[in-house]
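Given next are the chains, with one letter for each unit.
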Amino acid sequence: MGFFASFWAWLNGQLAAYIGTNTALVAQALEPAIVALATVYLMVWGYLQLTGRVEEPLVTGLRRLITLAVVLGCGLRMWLYNSVLVDSWPAR
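My aim in this report is to walk through the structure given alongside it, one point at a time. Note that this is a predicted model, so its numbers are computed, not measured. (Residues numbered from 1 in each chain as written. Predicted model: local features only at pLDDT ≥ 70, side-chain atom pairs only at ≥ 80, totals over all residues. Heavy atoms only, no water.)

The subject of this paragraph is the overall build of the protein. Looking only at helices and strands, the protein has three helices and zero strands in total. Here the protein has a C-alpha radius of gyration of 21 Å; the compact-globule value for 92 residues is 12 Å, and the former is much larger. Dimensions of the protein along its principal axes, counting C-alpha atoms only, are 70 × 25 × 15 Å. Here the protein holds 92 residues, and the buried ones make up 12% of them. As displayed, the protein has an accessible area near 7600 Å², and 72% of this comes from carbon and sulfur atoms. With 5 positive and 4 negative side-chain charges, the protein shows a spacing of 4 Å between the two charge centroids. (Helix = DSSP H or I, 4+ residues; strand = E, 2+ residues; numbered from the N terminus. Rg over C-alpha atoms; globule rule 2.2 N^0.38 Å. Buried < 20%, exposed > 50% of the residue type's maximum accessible area, 1.4 Å probe, protein only. Areas by Shrake-Rupley, 256 points an atom, 1.4 Å probe, with all protein chains shown as cover. Lys, Arg positive; Asp, Glu negative; His and termini not counted. Charge placed at Lys NZ, Arg CZ, Asp CG, Glu CD.)

Structure below.
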């Protein structure tokens, strides 16, 4: 293994650690705000349902809750799989 190959391996390791650490920090910083906005969204939807402005409340409600749970569940914890996703991406 030559100098450039070992340097390239070292640089990739350093960059992966840096990106993984900072991605986790950003996700942890944004999580409270995202959860608060999701709560406000559900409160507004509940208010609209109580006032009778929502058609088909059961079907719409289940769809909204499932969509919100999937998006928040995947989005807020996606940083845990950063190295798996980056390593599985094909190199060019």
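For helix α1 (residues 3–50), which comprises 48 residues, the first-to-last C-alpha distance of 69 Å matches the rise-based estimate of 70 Å (1.5 Å per residue) to within 8%. Of all the bends in α1, the greatest, near 35°, is centred on E31, and the proline P32 appears no more than four residues after it. Along α1, the residues classified as buried are A24, A27, A38, W45 and G46. Contact partners of the buried residues in α1: α2 (57–77). One or two steps after α1, the chain reaches G52, where phi turns positive at roughly 85°. (Expected span 1.5 Å × (residues − 1). Bend = angle between axes of the 7 residues up to and from the residue. Contact = heavy atoms within 4.5 Å.)

Moving on, we come to the packing of α1 against α2. Their axes nearest at 12 Å, the elements α1 and α2 cross at an angle of 175°. Judged by the inter-axis angle, α1 sits roughly antiparallel to α2. Contacts from E31, I34, V35, A38, Y41, L42, W45 and Q49 in α1 reach P57, T60, G61, R64, L65, L68, L72, L76 and R77 in α2. For the contact of α1 with α2, a count of residues per class yields eleven nonpolar, three polar and three charged. (Axes fitted to C-alpha atoms, helices over the stretch in contact; angles between N-to-C directions. Parallel < 35°, antiparallel > 145°, perpendicular 65-115°, else oblique. Nonpolar A, V, L, I, M, F, W, Y, C, P; charged D, E, K, R; others polar.)

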